[in-house]
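Survey of secondary and tertiary structure
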2 protein chains.
Amino acid sequence: MLRRTIAYRLELSVSSPARTAYDAAVEVTRAAGHVWNATLAQGWDVAGVPNGGYVLAVALRPLLAALDVPDPLTVTAHYLAPAAPGAVQVHVDPVKVEGRHRTAAGALHQDGRELLRLLATATDLARASGPRWVSAQPPAMPPPEECVPAAPVGEFRPPPITQRVEIRIHPAHVGFALGQPTGTAEIAGWVRFADGREPDTTALVLFADALPPPLFNLELPGEWVPTLELTVHVRARPAPGWLRAVFRSRVVEGGYLDEDGELWDSSDRLVALSRQLALVPCAA
Amino acid sequence: MLRRTIAYRLELSVSSPARTAYDAAVEVTRAAGHVWNATLAQGWDVAGVPNGGYVLAVALRPLLAALDVPDPLTVTAHYLAPAAPGAVQVHVDPVKVEGRHRTAAGALHQDGRELLRLLATATDLARASGPRWVSAQPPAMPPPEECVPAAPVGEFRPPPITQRVEIRIHPAHVGFALGQPTGTAEIAGWVRFADGREPDTTALVLFADALPPPLFNLELPGEWVPTLELTVHVRARPAPGWLRAVFRSRVVEGGYLDEDGELWDSSDRLVALSRQLALVPCAA
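This structure is a prediction, so every number in the text was calculated from the model and none was measured.

**A short note on the relation of the copies chain A and chain B**
- Superposition record for chain A on chain B: RMSD 0.0 Å, screw rotation 180°, translation along axis 0.0 Å. Here the symmetry operator amounts to a two-fold rotation axis.
- Most of the interface of chain A is mirrored in chain B: 100% of its interface residues are interface residues there too.

This is the structure:
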C-alpha cells in the first residue's frame, strides 16, 4: 500500500509539472451550460491591451472543450473592441460536435460588452495523413543567439508580452526599432515561451500575432496596428523547441493592411499559416 | 405630361437594366425578423454541388442588409456539408451594427440542416483612404483572347458554373485539363461574369472560389477538393472589366491544403485576397 502510494505520487509529479505562465493565463472554468469564465492575465499585453492572439487563445479553449477534440484546425476571430486585463466570459455555440471536423462559434465578453466573435473548426491532428507537397521554405536567418532579443534599443521599448513570449528578431529586420525602417513590410524571427513551455497547437494561435507588425518597417507614423480579423490555419502539432516565424504585408492601402504569417517548427515543418486584416495606424 | 412620362420611362430603362444572372441568383427576401429566404440557383455548381463562393455570396447578402453598409471587408465561412440547388434560409446575428466597421454572424440552412456558418465585417469602401504600399504584382499572363476558355478539352469537362463565371486560364497552367499537371500548385486566369455584369465587392467573394483548384496541377488523384473554410479580404471596389486571378497552394500535407488567392482589377489594383483550407481529395 505504501509502495502504491509512492508510485502514484511519482506519477503525479511527472504528469503535473509546475503550471506554466501560458497554461495559467489561458485557464477557463465552466460557469453554467455554454458559458465559461476566464481572466485575461497581466503581462500578455502591448501598452496595456492584451495581445489579440492571446485573447483568441483564451476564447478558443471553451470551444475546444465543447468539441472534445484537441487541435484547432482553422480559427477566425473578429475583434470588436480592445480588451483589458481582468475577468471575461466566453459563450460557446456548438455548431457541429461530431465527426472528424467539428465546428463551434464563440463570443468573448468583458464587463457586459462583446469584444471578440470567433469561429473555429477543430480536429485531432494526430490522425492527419496524406501526400506531402510544399512550395514554401522556412525563413533564412541566423541562429537565435545571433538574432536580436526584445530589449530596450534606442527609443524602442519592447511590450510586456515579450516577457512571456520570447522573440529574437532577424538582424536584417530590426530597423523599425532603431528609427531606421527597412522599407519592406517583413519581419522574421524566432519565437518560444520564455519559461520553456513547449509549443502546442493552441499556442500557435497566440504566436501568430506575437511578433511586431511588419508594417513597422515602412516609413509610416503610429505605433498601434489594431487587428480587425485574424485567421490561423494550424497544419501540424509543432515539434519542441524554437519556432521560426515570418510576417509580411502585401498591400497597405485605403487604411487597411494584410499581415501574412508562417510558423515553422524545429523539424522544418510549416505548422501554421496566418493572415490578419488590420488598420493602418494613421487611419485608425 | 406626355414628355414627363417618356422621360421617366427612359430613366427607368437606364437605371433598371435587365436583371443579370448573378443578381437573380443571389436574391434574398426577408422571411421574418432575422431570417431570410433565398434559392441556390441551378447552374452555379461543380458536378451538381453549388460552388462554395456562390453559396457564401448568397449567405452574405442578408448580413450586409442587416449591417446597412455596402462592402464586405473580411468574410469567413466554415462549410459544414455540401449544399444542393434549391431553397435555403439564412439566419442573421447582428453583432455590431454601428460605426465604421460593422460585424454580423450568419448561418445558412437547407432542409433543416445547417450547411454554412459565416462571420463578416463590412464597411463602406468609398470612404477608405490611407497611404499606399504594395509588394505584390499582378500575375503576368497573355491577354484574355490568348488564354484558354473553359471548354471540353481531352477528358476535361468544365463545370456548369463556367457558363456563368467566364474564365480564361493562363496557357502555362492548363496542364491539369490535358492530363499533364504542371507539377506546381498554381493556376492563374482571367475572370468575369459571362453576361457582362460588372464586378462588385460581393462578386469578389464568389470569384475567390471560382477557378479550378491549383492542387489539380499536382500529380494527385481525385477531382473534388472540398473547402472547409474560406476567408476573403475585400480591399477595394473593382474597376469594370476582366479581373486577373491567381491561386496557389503552399502546403499540401496531412490531408489538408491551403489555397491562397489574389484578385486584381483592370486598373492593376489588388482588390481581394483570399485563403481557404480544403481537404485533399484522397483523404476526403
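**A few points about the interface of chain A and chain B**
- Facing 62 residues of chain A, the contacting portion of chain B comprises 62 residues.
- The junction of chain A with chain B conceals about 5300 Å² of combined surface from both sides, 57% of it contributed by carbon and sulfur atoms.
- For the pair chain A and chain B, the number of links is 14 salt bridges.
- Close ionic contact of R250 of chain B with E262 of chain A constitutes a salt bridge, the shortest N to O distance being 2.6 Å.
- Where strand β9 (residues 133-134) of chain A lies against strand β15 (residues 251-253) of chain B, 2 bridges are found, and the strand directions are antiparallel.

**Some details on the pattern of salt bridges**
- Scanning the model with the defined rule gives 38 salt bridges over all chains in all.
- Measuring nitrogen to oxygen at the nearest pair gives 2.7 Å for the salt bridge that ties D23 of chain A to R197 of chain A. With D23 of chain A in helix α2 (residues 21-25) and R197 of chain A in the loop between β12 (186-193) and α4 (201-207), this pair connects stretches of sequence that are 174 residues apart.
- With its nearest N and O atoms 2.6 Å apart, the salt bridge here joins R117 of chain B to E114 of chain B. Take R117 of chain B and E114 of chain B: they sit in the same class, and that class is buried.
- Here the salt bridges share partners, and the residues they tie into one network are R250, D260, E262 and R275 of chain A together with R250, D260, E262 and R275 of chain B.

**Re helix α3 (residues 52-67) of chain A**
Residue and element names in this part refer to chain A.
- Helix length check: α3, at 16 residues, gives a terminal C-alpha distance of 23 Å against a target of 22 Å (1.5 Å per residue), a fit within 8%.
- Along α3, the helix axis deviates most sharply at L60, where the bend reaches about 25°; the proline P62 sits within four residues downstream.
- In terms of burial, α3 is a largely internal element, 13 of the 16 residues being buried.
- For α3, the capping residue at the N-terminal end is N51, with a side-chain oxygen 2.8 Å from the backbone nitrogen of G53.
- In the segment just after α3, D68 is the residue with positive phi, at about 60°.

**Here's the deal with the confidence of the model for chain A**
Residue and element names in this part refer to chain A.
- The share of residues in chain A with pLDDT of 70 or more is 92%, and the mean pLDDT across the chain is 92.
- Low confidence marks residues 1-16, where pLDDT is under 50. Its contacts with residues over four positions away, or in another chain, come to 0 contacts.
- The ipTM, which scores confidence in the relative placement of chains, is 0.92 for this predicted complex, and the corresponding pTM is 0.93.

**So, the pairing of strand β14 (residues 243-248) of chain A**
Residue and element names in this part refer to chain A.
- Judged by how many residues are buried, β14 sits mostly within the fold: 5 of 6 residues are covered.
- Bridge count for β12 against β14 is 6 bridges, and the pairing is antiparallel. When the bridges of β14 are listed, G189 appears paired with A245.
- As defined by bridge partners, β14 adjoins strand β16 (residues 256-264) across 5 bridges and the pair is classed as antiparallel. Opposite F247, over in β16, you have G261 as the bridge partner.

**What about unusual backbone geometry?**
All names here are of chain B.
- In this structure, A47 is a non-glycine residue whose phi angle is positive, near 55°.
- Note that A47 resides in the loop between β3 (45-46) and β4 (49-50).
- Residue A47 is classed as exposed on the basis of its relative accessible area of 70%.
- Located in the positive-phi region is D268, a residue other than glycine, with phi close to 65°.
- You can see D268 is positioned in the loop between β16 (256-264) and β17 (270-279).
- The exposure class assigned to D268 is partly exposed, which follows from its relative accessible area of 41%.

Basis of the calculations
- Residues numbered from 1 in each chain as written.
- Chains lettered and ligands numbered in written order.
- Predicted model: local features only at pLDDT ≥ 70, side-chain atom pairs only at ≥ 80, totals over all residues.
- Heavy atoms only, no water.
- Least-squares fit on C-alpha atoms with pLDDT ≥ 70 in both.
- Contact = heavy atoms within 4.5 Å.
- Buried area = accessible area lost by both parts, 1.4 Å probe.
- Salt bridge = Lys/Arg side-chain N within 4 Å of Asp/Glu carboxyl O.
- Pairing = 2+ DSSP bridges.
- Helix = DSSP H or I, 4+ residues; strand = E, 2+ residues; numbered from the N terminus.
- Buried < 20%, exposed > 50% of the residue type's maximum accessible area, 1.4 Å probe, protein only.
- Expected span 1.5 Å × (residues − 1).
- Bend = angle between axes of the 7 residues up to and from the residue.
- Polar contact = N/O pair within 3.5 Å; in protein donor to acceptor, adjacent residues only side chain to side chain.
- pLDDT = per-residue confidence, 0-100.

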